[in-house]
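Okay, here's what each chain looks like letter by letter:
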Amino acid sequence: MYDLDVVTLHLAAAMASLLPAMACVARSLAVGQVEGVTLGLTSILGCLGGLLGAVALDALALPRGSGHLGLRNATGLCLLICQVVSVFGLVMAVCGSIWVSIVLTLATLALLVLASNAKYTVLGEPLVFSDLALIGAIFRHPQFYLSAIPVWQRCVVGAAAVGLIATIAALFVVDLGAHAVGLGILLSGLCLLAFLMCFSPIKALARAPHNEADVRRIGLTPTLMLYWLRWRKSEDPPPYRPEVRSASQEARGLLIVVQCESFADPKDVFSDQMQSLPNLEEARRNAWQYGNLHVSGFGAYTMRTEYAVLFGREEKDLGFRRYDPFLTALGETTYALPRRLGKAWRSLFIHPHDMRFYGRDKIMPAAGFDELVGEDRFDAPLPGEGRYVTDAAMAKEILALAKAAQQPSLLYAVTIENHGPWASDTAGGEDLMGSYLRLARNSDTMIRRLIDGLAELRGPATLVFFGDHRPSIPGVTNPHEARYTPYVIVRLNDGQFDHGENRRVDLTPAELHHTMLDIMLGKPV
């Protein structure tokens, strides 16, 4: 026996599939064209072919559906059809041509599938709604994103874009009636979509974030839409209420936090014990605490790890905000580490790159940082040093700021030297893995320089060093395997190590935040 809501969904999907064709038939007959019936039948076949093409494209999105030929479930297909009809109507309202509208609608869906599959292959997860917020960043900093897409795919996308623009210009219809029909289709599709969202099968979808499973079950664009709607309804948490803590003497010292780009232990990443990093190993032996940091991203999404370490909120508590917590961070600034440390502390955020990236220029001051130390404080890399400010330059600036500190200070630094993609040097015999290892060893040297420099200051200092995510190296690393990175906490006083219990404890990034507070301010009473 069928559920009434399910039957209604199927009927609505059937209606949606006929909307474009019905509108075109009505228009053809209304203007009294002799060939109107022929045009109407052609339009019907074109629209049905477009819908079948859309379903086929959605079935190609990774991860594939578990149904026959990779199709999604009936609810997902209903949502997809409504979305396709709405986009078709929008394009037709602009250009007035049914054929251009069909092609451009399919091209839009194909572009989303292509981008999602590239991301799934490189980073291990499908496209999410928050990725669309980074479109502006793609144009401002293309080296961060386009490098993940093979050259031939970039050429195909570029050629398709030029072809579509030329086609739209050539086939633009100067007929107000055609554009009005498109507007009617758009409004009909949106109304039907809103109508479907009132039914329990739709309301029950994607109540909790499981992106890969939802794409597999209901499809790519339905998941994008539902996740965006759930995200929009999410609310800021209540303001953080400070705990009473047993203040420790380290509250008068320095807290140096280094978030190291793509830093991971090579012996874990490449399953080769010969690739260990000597300074990381020595830091572990002298550490107050160390272990694995269980980050959620792979090859990207620095902001997820950064947010968790700075704000101390677990992803399970963020809900749909987890995919890009910086988008909503301004509503959660009372949880930030500088604010939790208190007014007695001076906090500096150090990053040798454009602070507008991820909105850090607004988020970090609101989070309590007194000063942003940006790219203007660093010299450009010398020839042979790579594209980005080196970790050696970062260590030098961090130590200079630490030496100049006149009060308890937090220095939170985000490095960038080891950002991908990693280029091979065939002349020098260096492959992609060798390129990554060379830069990882530079980060390893940074650990030694920071420890030695802080020891020379002779005062109480705590160094927290961790990797934001593992590297995504084509043909070398697998995004569907382990994702953890190393972290190490080294405490110094009067130039000597305070080993404590030298514990190994695996943490989430949010747990690392609370560990730092416990060290600097004492545990909650």
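Residues numbered from 1 in each chain as written. Predicted model: local features only at pLDDT ≥ 70, side-chain atom pairs only at ≥ 80, totals over all residues. Heavy atoms only, no water.

Caption draft 1: Examining the overall build of the protein more closely. Along the backbone of the protein there are 19 helices and nine strands. Counting all 525 residues of the protein, 52% fall into the buried class. Intrachain contacts of the protein at a sequence separation of at least 6 include 77% that bridge at least 24 residues. Summed over its atoms, the accessible surface of the protein is roughly 23,600 Å², and 62% of this surface lies on carbon and sulfur atoms. (Helix = DSSP H or I, 4+ residues; strand = E, 2+ residues; numbered from the N terminus. Buried < 20%, exposed > 50% of the residue type's maximum accessible area, 1.4 Å probe, protein only. Contact = heavy atoms within 4.5 Å. Areas by Shrake-Rupley, 256 points an atom, 1.4 Å probe, with all protein chains shown as cover.)

Caption draft 2: Structural view of the environment of Ala461. With respect to the secondary-structure elements, Ala461 resides in strand 6 (residues 461-467). In this structure Ala461 comes out as buried when scored by relative accessible area, which is 2%.

Caption draft 3: Spatial organisation of the side chain of Arg304. Relative to the assigned elements, Arg304 resides in helix 13 (residues 302-311). Engagement of the side chain of Arg304 in a polar contact is seen with the side chain of Glu125, the distance being 3.0 Å. Sequence-distant contacts of Arg304, that is, excluding residues within four places in its chain, are made with Glu125, Ser296, Gly297, Glu315, Arg322, Tyr323 and Pro325. (Polar contact = N/O pair within 3.5 Å; in protein donor to acceptor, adjacent residues only side chain to side chain.)

Caption draft 4: How the structure looks around the nonpolar core. The biggest cluster of nonpolar side chains holds 60 residues, and the ones touching the most others in it are Leu255, Phe311, Tyr412, Phe466 and Leu512. Top contributing element to this core by residue count: helix 19 (residues 509-521), with six residues. Those residues in contact with Leu255 that lie beyond four places of it in its chain are Leu337, Trp345, Ser409, Leu410, Leu411, Thr462, Val464, Met516 and Met520. In this structure, Phe263, Val389, Ile451 and Val488 belong to the second largest nonpolar core, which totals 33 residues. (Core = buried A, V, L, I, M, F, W, Y, C linked by side-chain atoms within 4.5 Å.)

Caption draft 5: Just unusual backbone geometry, in detail. Residue Pro63 is reached from Leu62 by a cis peptide bond, and omega for that bond is -5°. Mapped onto the elements, Pro63 comes out in the loop between helix 2 (36-59) and helix 3 (74-95). In this chain, Gly420 is followed by Pro421 through a cis amide linkage whose omega measures 0°. The topology assignment puts Pro421 in the loop between strand 5 (409-414) and helix 18 (432-457). At Ser262, a position not held by glycine, the phi torsion is positive, near 50°. Considering the arrangement of structural elements, one finds Ser262 in the loop between strand 1 (254-260) and helix 11 (266-269).

Caption draft 6: Summary view of the packing of aromatic side chains. Enumeration according to the criterion identifies 13 aromatic pairs in this entry. An angle of 85° between the planes, with centres 6.0 Å apart, marks the rings of Phe326 and Tyr358 as edge-to-face. Here the residue Phe326 occupies a position in the loop between helix 14 (315-318) and helix 15 (337-341), and Tyr358 occupies one in the loop between strand 3 (346-350) and helix 16 (360-366), the gap between them amounting to 32 residues. Judged by its relative accessible area of 5%, Phe326 falls in the buried class. (Phe/Tyr/Trp six-rings, centres within 6.5 Å; stacked < 30°, edge-to-face > 60°.)

Caption draft 7: Broad picture of helix 4 (residues 98-123). Here helix 4 contains 26 residues, and its C-alpha end-to-end distance of 37 Å stays within 8% of the 38 Å for a straight helix at 1.5 Å per residue. Immediately beyond the C-terminal end of helix 4, within one or two residues, lies Gly124, with a positive phi of roughly 85°. (Expected span 1.5 Å × (residues − 1).)

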